[in-house]
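Take a look at the letters that make up each chain.
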Amino acid sequence: MIFQKPGGVQETPTIANRQMNYEYAVKYTHKNFEVRYAIRPLDYLLEDYTAWQKKKKPGDIMLDPNTLYSSLLQVTILNISGGQLPDIAQFDSVAVRQEFNADWGATAFVEVGKEFGQSYKYCMVVALHKENYADAYIFYLSDTKEGFAELMDAAFYSLRFK
């Protein structure tokens, strides 16, 4: 993946929580707005799936890891929001390929639970999937809705697939 750090932000420590672990976070220095990044490689899941296919027996069921991205986004949203499942908007397939070099992408806006959100109330989640590679999640967090789109805009394309 390619990461381009947005301007005006500094690295901030990750916060251990039971809703959604993430690997990296940045925060605006003068605004209460944070961006968190989580990347979930598919390599081990694909190895297990390929091995299973070679030895499966009649009646055995295992899902291809490349088909789980939509369900995993729903589970992630349910976890970080304390059970809310808002509308999820899928990105246009041509646009998501051009803008993120991904095969699928979607976004949703939720109020976050205290453990994941900490001092933040709102979160825009962007999920990206690249076949046979990884799923990536970007969480844009703020305590207000005002100015959300403007602050999110600078970091929107900060993570994309090679």
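Residues numbered from 1 in each chain as written. Predicted model: local features only at pLDDT ≥ 70, side-chain atom pairs only at ≥ 80, totals over all residues. Heavy atoms only, no water.

### Observations concerning the pattern of salt bridges
All told, the structure shown has 4 salt bridges when counted by the stated rule. Taking the shortest distance from any N to any O, the salt bridge between Glu115 and Arg18 comes out at 3.0 Å. Taken together, the residues Glu115 in helix α4 (residues 114–117) and Arg18 in the loop between β2 (9–11) and β3 (24–28) connect sequence positions 97 residues apart. On the basis of relative accessible area, Glu115 is assigned to the partly exposed category, the value being 26%. Arg18 sits in the exposed class, given a relative accessible area of 71%. Residue Glu34 pairs with Arg36 through a salt bridge whose shortest N-O separation is 2.8 Å. As far as burial versus exposure is concerned, Glu34 and Arg36 are alike and both buried. (Salt bridge = Lys/Arg side-chain N within 4 Å of Asp/Glu carboxyl O. Helix = DSSP H or I, 4+ residues; strand = E, 2+ residues; numbered from the N terminus. Buried < 20%, exposed > 50% of the residue type's maximum accessible area, 1.4 Å probe, protein only.)

### Focus on the sheet that holds strand β7 (residues 122–130)
Strand order in the open sheet formed by 7 strands is β2-β3-β4-β8-β7-β6-β5, and the pairing between neighbours is antiparallel. Where the open sheet ends on each side, the last strands, each with one partner, are β2 and β5 (89–90). Here 4 bridges tie β3 to strand β4 (residues 33–41), and the two strands are oriented antiparallel to one another. Paired with Lys27 across the two strands is Glu34, which belongs to β4. (Pairing = 2+ DSSP bridges.)

### Some thoughts on the nonpolar core
Counting 24 residues, the largest nonpolar core has Phe33, Val35, Leu128, Ile138, Tyr140, Phe148 and Met152 as the members making the most contacts within it. When near neighbours in sequence (up to four residues on either side) are disregarded, Leu128 contacts Phe91, Val96, Phe100, Ala102, Trp104, Gly105, Ala134, Asp135, Ala136, Ile138, Leu159 and Phe161. Counting residues in each nonpolar core, the second largest holds 20 residues, with Leu73, Cys123, Tyr137 and Leu141 among its members. (Core = buried A, V, L, I, M, F, W, Y, C linked by side-chain atoms within 4.5 Å. Contact = heavy atoms within 4.5 Å.)

### What to know about the side chain of Thr107
For Thr107, the location among the structural elements is in strand β6 (residues 104–111). Thr107 sits in the buried class, given a relative accessible area of 15%. Within the structure, the side chain of Thr107 is placed 2.9 Å from the backbone oxygen of Val125, a separation counted as a polar contact. Not counting the four nearest positions on each side in its chain, Thr107 is found in contact with Asp87, Ile88, Ala89, Phe91, Met124, Val125 and Val126. (Polar contact = N/O pair within 3.5 Å; in protein donor to acceptor, adjacent residues only side chain to side chain.)

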